[in-house]
Structure formats: C-alpha cells, structure tokens
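Structure at a glance
Listed below are the residues making up each chain.
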Amino acid sequence: MAGEIDWSGLAGSSGWNKLFDRYYRKREIYEMAWGEVDLSKMVVAGSGFSGPIALLHDQQKVTQVTSGSMRPTLNFYTASGNSLASVPWKHGKLVEMGWTEDERLVCVAEDGGVAVYSPLGRLVDSFHMGEECKNERVLLACVWDSGVVCLTRGFSLVYVDSLVDPEPRRMPRLADRISSNPTCMAIIAPHLAASKGLEVLLAVDKTILVVKSSGIEDQQLTAGPMRRLAVCPNGKMLACFTHDGFVWVVTSDFSKNLSEFPTKSQVAPKQLVWCGTDSVVLYWDKILLMIGPYGDWVKYAFDQPLALFPEVDGVRIVSRSSSEFLHRVPDSTVEIFKVGSCAPGAMLFDALDLYDKHDAKADDNIRAIQHALPEAVDTCVDAAKQEMDVTLQEQLLKAAAFGKCFLHQSDLAGRGARTVGAIATLRALNALRDYSVGVSLTYPQLQKLTPSRLVQRLARRQQHYLALQLCTILKLPKEDMEGVQVHWASERVLRGDDLSDQQLVQTIAARLSSGPAPTATSDVASTAFNHNRRELARLLLDLEPKASDQVPLLISMDDSRAALSKALESGDTDLAYLSLLHLQKTKPVHEFFQLVSSQPAARDLLVAFAKHHDRTLLRQLYQASDASAMDMAALIIADAYRQPDMPKRIQGLGGVQGALSHSKEEAPRALAKAATDQVRLLEAQRDLEQTTGRAVFLDTSIAETVRQCFVLNQHSKGMALAKEFKLPEKLIWWLRVAGLAQGHDWGELEKLSKERKAPPIGFEPLAEACIREGRLDQAVKYANKVSDQARKAELCLRMGMYREAAEAAVAARDGDMVSTIRSKVTTPADLAYIDNLVAQATFE
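All values reported here derive from a predicted model rather than from experimental measurement. (Residues numbered from 1 in each chain as written. Predicted model: local features only at pLDDT ≥ 70, side-chain atom pairs only at ≥ 80, totals over all residues. Heavy atoms only, no water.)

Under the defined criterion, the tally for this structure stands at ten aromatic pairs. Between Tyr-30 and Tyr-435 the ring centres are 6.1 Å apart and the planes differ by 65°, which places this aromatic pair in the edge-to-face class. Remark: Tyr-435 occurs in the loop between helix H8 (415-433) and helix H9 (443-449) and Tyr-30 occurs in strand S2 (residues 22-31); sequence separation between them is 405 residues. On the basis of relative accessible area, Tyr-30 is assigned to the buried category, the value being 4%. (Phe/Tyr/Trp six-rings, centres within 6.5 Å; stacked < 30°, edge-to-face > 60°. Helix = DSSP H or I, 4+ residues; strand = E, 2+ residues; numbered from the N terminus. Buried < 20%, exposed > 50% of the residue type's maximum accessible area, 1.4 Å probe, protein only.)

Right, here's the structure in full:
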C-alpha cells in the first residue's frame, strides 16, 4: 500500500548531514559494472554532467600483469561502469587528461603531444603544443571546457584556447620569477575569469602566482606552500590545502579571506574538489572529508580507492563497486521531508498520504495551508524534479495534483503547463539514468547543460534513438532533431564499408525520410567526401534539396561543373557567381571559356559581372565565344573612352571600323560610321582646344561644340563643323543665337537677325537669349518683332514692360494674361493705362 511506504527514507532524510543551516546527503546511484578496477593505480578523468569516465594505468605505479599485452590501454566507461571502448595507448608518458564541454577526452603527453578522443575511443584529432613543450618537456597541464594549458620544465606556459583550430600561444615566461617547480597548478577558464581571458594559478614557494596574457601577478602570500588548489565551478572562489594542513578558501581575486579549516593532517589529500559552490571535499586513503562554509564538517569512511568528479551541484564519488552522489539537499526537498516540518509543502504531502489512508485529517491539513496552497503545489513539483527515485517522484507529483484540486481558478494559471513540463523532464531524466545508459543527470545539471547539448552528447555516444526520443519528449527545436539524424547518417557512412555506395545511400535515405523531421544531407555528404568516398558524397548530395548546401560542397570536391549546373538550376545568382569565379581560378582559360560558352545563362552572368569588374575577362570571353560584332564594337568603344590619353582614345575608336568591316547588317555599318564620325569630332575638338586655349570642347556633343565655337568667336569653324556633320538649319540657328548671346557678341547677333527677313526660328529665341544674359535693351529689339502677340506679351512681362505686355495681351484677346499683368503693376498710371485698354477692347 502507498501509505506504508517510508517516504522520508526514500528521500534519504535519515542520512542527511547538517553543515550549519544546510543539509547534505550521499546516495548510491549505480553499482559499477567495470569489475575489478583498482583506481589507486589509474589515472582517472570523469566528464562533467555524469559523462563518461576514462581510465589509464598510471605509469609511475607498479601493476601486476596477468595476461595479454603489456602495452597500456585507454579505457572508456559510462558513469555506471559499462564499457564504451578500449584502445591501445601510443602517446608516451601521460601528464594530464580531462574532458571538454562536448565530451572530448584531451590527453597531454610529456613531449607536448595532445591526443583528442571521442567517448567511444575514436582518435578525432591530435596536435602538438609547440617546440618549447617538445624540448623542455611538460611538467604540469590543465584541461578546461575548450582548451588546454601546459607548463614546461623550463617554466614556459603554452596554451590552446580552441580545440577546433588548435594554435599554441605563449603566456608570459616565468623563468625569471621562479626557481623551483610549482607544487600544483589550477586554472580559471576564460568564460569564468574576471579578465575574460585564461588565468593560470601556480603555487610557488609560499605564494601563488596568477598568470594572465597581460602579465604575472604575485599575490604576496605567506601561508604556502600550497599542496592542492581547486577553483569553484563558478570561478569566484579558490580552495587551497596548505603545507600545514589548513583548508583555506579565498575569493579568486584574493581580495577576501572566506574561511580557514584545520584538517590536522600535513599529508596532502589525493584530491581536493568543490561540492557545488558552498562546500569542499578532500579525499585521503579511506577518508572523505566535506567542509561547509562556516567550518562545519562531516567525514565518510571508505574501504576502496575513490575518484572524485565535481559537478555543478555536487560531487560524484566513484569506487570499484559503486557510484555515489554527494550534494546539498534541495530546499524544496528539505521543506517537505525535514523531520517535524510544518511547511506548506510538507503539509500538502502529508495530506495526500492521509487521503490515501482514508483519514479525515487530510482535510484539516488542506484547510491549514489554504492561504499557501499555490506555494505548496510548486514546492512538490520542484521536489519531484530534484529526486531520482521514481516512486517518490510519482508521489510528489500526485501531491501537487491533489493540491491543485483545491486551488482557486486564478491560482491555476500556468501551473498546469509547468506540471506537464516537469513530467516530461522527469521522463527524460529517468530514461537517461537507466543503468544501460548511465547518465545520472540531476535537474540542476540538465538546466546548466541544456537539452540541446544533451542530445548532442547522446548522439556522439551512438545513442541516436534515445536522443530522438528526448527531442520528442522535451519538444526541442527541429534543428536538434536534424542534428541527431545527421550524426547518425554520418556515423553510418564511417562504419558502412560493408555496403556499396548505392546501398548505403538507400539505407540513409530510407531512414531520414521516415524520420520525424526532414533532414539535409549536405553534412553527411561532407563526411563521406572527407573520408575519400567521393561517389557516395555525390549521391548523397543529389538528395539535398537546398542548392545553397549543395554548391559549396561540390566546389570543395572540385566538381565545379556540377556546382555550376546546380547553381544555375536554382536561379540563385550568388551561387552561380561563386561557381563561375571558382571555375575561373581552377580551370585552364580555354577550358573555362568553353564551359561557360556552352551554357548561355552562365555566359550572360559572366558578361554582366565582367562589364563592371573585369574588362580584360570580358574581351577574352567575347573572343572565345564568337560574340556578335556589335558586342565587340561596344566593348572597343567603352574601352576607348576609358583611356585618359586622347591619341589612344582616337586609336581605340578607330578599331571599331575593323571589328565591323565584314558585317553586312545595317546596324553594325551604322555603328561603324558613328565611330568614324566620333573620331573626326574628337580631332576637331582637340584642334579647337589648342586654338582657343580653352578646355571646353573634348567629350562634348557636336551641337555643344558648334555652340562653343560661336561663344569663343570661332564663327567660321563652327559653321564648317555644322555643315561637315550635316546639322539641320534650324539647329544651326539655335546654336548660333545661343553662342553669340553667351559670348556677348551683340553686333554679330543683330547682323544674324538681319540675314533674312524672318529667321527660320523666329525672333523669340533671340529675345530669350538676351533676357538670359540680362541684356533687356537688346531683348527689346527682338521682342517687338515677335509676331505671336501672346508670346510677345509674355516676353514684355518678363522684361517689366507692362504697358507693351498689356497691349500685346489685348491684341491676343488673352484675358488671363491681362489679369496676370495687372497683378504685377504697382504704379497708378500703368494701372489706369491697362484699364483703359481693357475698357476699349472686347474679349470673346
């Protein structure tokens, strides 16, 4: 019966240890499956967030060899001790190994070589920390989430801050600051450091040196030498074990001393780690000591060697036979299961227990906490998320559901969704904690890790099905599900040597098409190409629906023809240009032009590009593709006009005739004649500039050239050019009038006006030209000769001749113009004159 279960026992309250005002508990998570493993003779590294454990025989310790090879092996296990992989160790003497945030095992050898392994023992990368590490040998090393730092025996610090693109970098040299080997080293990772850069802490003599890229800071301490250092998971505190047995905790900037605790042991512990952010744990042979923030402590005895793996909310304690988790009891759990607790959460949990026993006191409990019932419901939901026992989780969630039955409608808002979310989270966590999976994540660890990174970790362990199930349970974004599917397909490519390319593509396509989300195959194709399976990569790319993913990979595969075809089919000009420019760089010139000419769309794009960016390429393309004579002539003309030197420009235009000489079509012949005429015009303009000393002719039209001739008193040359280029008579008159007026040659303008009884363009343009130049006295001569009375009225109005304007307007019978003129008049005499004209006239 549910009422007979010892709920407090399931929560472990009988084993809680109180340090000041906080409770801690140690509970067994797994019985380890790895058999007779002697951790005391192993170098051990455990990944955070209940990740894999790596073991390698410590070469400084003697081990009895029973059978098999004497070469050491690097072994990988889950957190429950199930074997993941075992690989021979071939990298020399190990100095340090540790896990990155994406579960890559980084192994640093004494000669500076670094080997990076996947959780399944695959060597994914290897690099070297540089000549200094090789020559001086590595003394100490530390691994953090995304990098590694090494201290050489010559006291040089070399680090790599990205394992994706490892580039060794030096920190300030320490040779002139220290004379003996540091006793220990720790780091503050860049994302945790106040300086936002890597900080290396070295225990030297009695002090600690903090080494940054900007320099070395001596903290001027006297409590050393320090035997062990441990940085808090949030990077804000540092725990030190001194030579005289004190555990000293300070802020990481050494500005504040937080606590000192005498352990009464001058033997340095094997490990010093943080348990969350408010207590530290020390391990000696068979003894585990946890020290709280105010000097309270608790001691645990063990009969087996241990390895401690710090987590964000506690510490994993792993021995040959078991894996335990030591952590602070969550506040919600304390509120419910603390002995004698009368908190709302405890009362609600007891009310459910009483209700299951059909005890009427359940109603009394509910009434007693009615005011705090929403808080009690939230407490039970939170406690359920914190617990690992499934039975206790269910009872806590039942208590929350029981309490919700008595909530006011306004208090229910959002709580249903939060409860559903908590149930989904617990389903995921319970699946992960299964012995066969061996990922005993707690709820705070899941929040810190994030579900997206969790499914990536599962995929790297080949737990693809479970990863997809978690994507569904936790309703993760489509991108996370696609990432898992792509990883599965990539692994299938790496392990599919027993299948033909066609069979493998069919297998992958069938799985991806039947999956819960459509998946791009370009990343899978990239994996195939990187492992020298070009045909498989090409077949996989044919399944990729996005040309933007196909084309770049085809280019990297040096299959530029296919890349260009895919880009043109997609209609994406950016992709097409990317392919064309890559072809231009990688193919011989004749082959490139032959390929482009065979595809009209590609040729048109290349022509458009070359017109703006590469004229030489455009000329070569025209020549190679038998471009039309008109296109070639247009190119020659454009190139000629790009020449700043006039002789070269004229010479360039002369080439148009040669390019079009064999054409029988009308348009090319007309263009050839136009080019010839332009050459004659340029030569005439050059001569005029030399004669006049004025740089106003070149690159102007024939009309403007003629006009400038009359401006600059080159009348005969202007007329000669006009006749040579067969300008219309009226245009010549317009140009002469405009030029003479601008040149203020009033006598010649008057002479021009008398050449004929009536100029072909009339007298109005002459009057207009004089008005533009401000010579109203000259304009009057021609305005009076304008026969169109309406136009004459407008001209007289512009010159301020109001009476004459009125007379012309009346003669034209234009009442609107008369009104306009009258509105401009300011003198009474003129107004009277105009009114008299109007009175005598009649307007229809």
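So that's the structure; there's more coming.
Closest axis-to-axis distance for the helix H12 (residues 478-494)/helix H14 (residues 522-530) pair is 9 Å, and the angle between their directions is 25°. Considering their axes alone, H12 and H14 lie roughly parallel with respect to each other. Here H12 runs over H14; the crossing is right-handed. Between H12, through Val-486, Ala-489, Ser-490, Val-493 and Leu-494, and H14, the contact on the second element is made entirely by Asp-523, Val-524, Thr-527 and Ala-528. Taken together, the residues of the contact of H12 with H14 break down into six nonpolar, two polar and one charged. (Axes fitted to C-alpha atoms, helices over the stretch in contact; angles between N-to-C directions. Parallel < 35°, antiparallel > 145°, perpendicular 65-115°, else oblique. Left-handed = near helix turned anticlockwise from the far one by under 90°. Contact = heavy atoms within 4.5 Å. Nonpolar A, V, L, I, M, F, W, Y, C, P; charged D, E, K, R; others polar.)

Okay, the nonpolar core next. Residues Val-706, Leu-721, Leu-749 and Ile-821 are the most contacted members of the largest nonpolar core, which totals 52 residues. Tallying contributions element by element places helix H27 (residues 729-742) first for this core, with six residues. Once you skip the residues sitting within four places of it in the chain, Leu-749 turns out to touch Val-737, Leu-740, Leu-766, Cys-770 and Tyr-782. Ala-525, Leu-540, Leu-580 and Leu-605 belong to the second-largest nonpolar core, a separate cluster that totals 36 residues. (Core = buried A, V, L, I, M, F, W, Y, C linked by side-chain atoms within 4.5 Å.)

In this fold, Phe-710 is placed in helix H25 (residues 702-711). Residue Phe-710 is classed as buried on the basis of its relative accessible area, which comes to 3%. Separated by 30 residues in sequence, Phe-710 and Leu-740 have C-alpha atoms that sit 5.6 Å apart. Apart from residues no more than four positions distant in its own chain, Phe-710 is found in contact with His-715, Gly-718, Met-719, Arg-736, Gly-739 and Leu-740.

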